[in-house]
Amino acid sequence: MNIPATIHQLPALGYAMSALEPYIDERTMTLHHDQHHAAYVTALNEALASEPNAIRSKPAEWLLLNLHEVPEPIRTTVRRNVGGHLNHSLLWLAMTPHGGSAPSGAIGEAIDQSFGRLKNFQDRFEEAGSRQFGSGWVWLVHTRNGDRPLKIVTTAGHDNPLEQGLYPLLVNDVWEHAYYLKHQNRRNEFLHDFWSVVNWAEAGRRFDQAMQSIVLEAATPHQ
Ligand code: MN3
């Protein structure tokens, strides 16, 4: 099979650059998606360009979880850029112009169980994002633990919770490039505005997916 030179692709936004106004402004979205995210994709493809197909053809998730198999000279570059690519791909889906409602279904119940109620969860998510020192990300993750399935975590740089065995449900980007043009140094206001565009349907879909994988794993006999 002939592997194309550019395996990794910048995903199209599912909405217009201006669609998240006034909470996330068009100029920030355009720069963030078309310049920042695009640059991670380009750098990832460039780093992999001269590698054999066995590495070059791997999906982004595989690269993230198998960095020890990536040749040492390009490992750090791949790690940073594959994280940047995956995290931003999740971020665009975590927001929607039709967002801002409350979570329903299983994820809504799980949030109530884990955090008391939605407002408590939102406060703690904002607080965690505000406290993240320097560039990073704030996440709601599925722990794959039936008793306490939900947790808020932060990661530095472009690290992704999958590296710790945690499954991302919802994410916000707290790098300055995500908010500085509109919110300047007021990261807390940016984190608060996120709730007006949050895509609970997508988070719920990911929650159901995580639960389904736990059921499937439990049903698979161990060798
Ligand atoms: Mn970013």
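Reading the values: rules and limits
- Residues numbered from 1 in each chain as written.
- Predicted model: local features only at pLDDT ≥ 70, side-chain atom pairs only at ≥ 80, totals over all residues.
- Heavy atoms only, no water.
- Helix = DSSP H or I, 4+ residues; strand = E, 2+ residues; numbered from the N terminus.
- Rg over C-alpha atoms; globule rule 2.2 N^0.38 Å.
- Buried < 20%, exposed > 50% of the residue type's maximum accessible area, 1.4 Å probe, protein only.
- Contact = heavy atoms within 4.5 Å.
- Areas by Shrake-Rupley, 256 points an atom, 1.4 Å probe, with all protein chains shown as cover.
- Lys, Arg positive; Asp, Glu negative; His and termini not counted.
- Charge placed at Lys NZ, Arg CZ, Asp CG, Glu CD.
- Donors = N, O, S within 2.8 Å, 3.2 Å for Na, K, Ca; no water.
- Salt bridge = Lys/Arg side-chain N within 4 Å of Asp/Glu carboxyl O.
- 1 Å grid on protein atoms, 1.4 Å probe; cavity = no way out; pocket = protein on both sides within 12 Å on 5 of 7 lines; lining within 4 Å.
- Points joined across faces, edges and corners; volume = space filled by probe spheres on them.

Topic: the overall build of the protein
(1) Moving on: When you go through the protein residue by residue, the secondary structure sums to nine helices and three strands.
(2) Moving on: A compact globule built from 223 residues should have a C-alpha radius of gyration of about 17 Å, and the protein, at 18 Å, falls within 12% of that.
(3) Moving on: The principal-axis extents of the C-alpha atoms in the protein amount to approximately 50 × 50 × 30 Å.
(4) Moving on: Buried positions account for 47% of the 223 residues belonging to the protein.
(5) Moving on: Put simply, 69% of the contacts in the protein that link residues at least 6 apart link residues at least 24 apart.
(6) Moving on: Of the roughly 11400 Å² that the protein leaves accessible, carbon and sulfur atoms contribute 51%.
(7) Moving on: Of the charged side chains in the protein, 18 are positive and 24 negative; the average position of the first set lies 4 Å away from that of the second.

A short note on the coordination of the manganese ion
Reference geometry at the metal: tetrahedral coordination by four donors gives ideal angles of 109.5 degrees; octahedral coordination by six donors gives 90 or 180 degrees.
(1) Moving on: Surrounding the manganese ion are the protein donor atoms His 32 (NE2), His 88 (NE2), Asp 173 (OD) and His 177 (NE2), at 1.9 to 2.2 Å.
(2) Moving on: Mapped onto the sequence, the donors of the manganese ion take the spacing H-x55-H-x84-D-x3-H. Here the residue His 88 occupies a position in helix H4 (residues 72-94), and His 177 occupies one in the loop between strand E3 (167-173) and helix H7 (180-183), the gap between them amounting to 89 residues. For the pair His 88 and His 177, one class covers both residues: buried.

Section: the pattern of salt bridges
(1) Moving on: Counting across every chain of the model gives six salt bridges.
(2) Moving on: Between Glu 189 and Arg 186 there is a salt bridge, with the nearest N and O atoms lying 2.9 Å from each other.
(3) Moving on: According to the relative accessible area criterion, Glu 189 is partly exposed, its value standing at 37%.
(4) Moving on: Glu 202 serves as the salt-bridge partner of Arg 205, at 3.0 Å between the closest nitrogen and oxygen.

Details of the layout of surface pockets
(1) Moving on: In this structure, the largest pocket spans a volume of roughly 270 Å³.
(2) Moving on: Every residue lining the largest pocket is counted, 15 residues in all, and those nearest its centre are Ala 60, Glu 61, Leu 86, Leu 90 and Leu 162.
(3) Moving on: Listing elements by their share of the lining of the largest pocket, those giving two or more residues are helix H3 (60-65), H4 and E3.
(4) Moving on: Ranked by the residues each element gives to the lining of the largest pocket, the list is headed by H4, at four residues.

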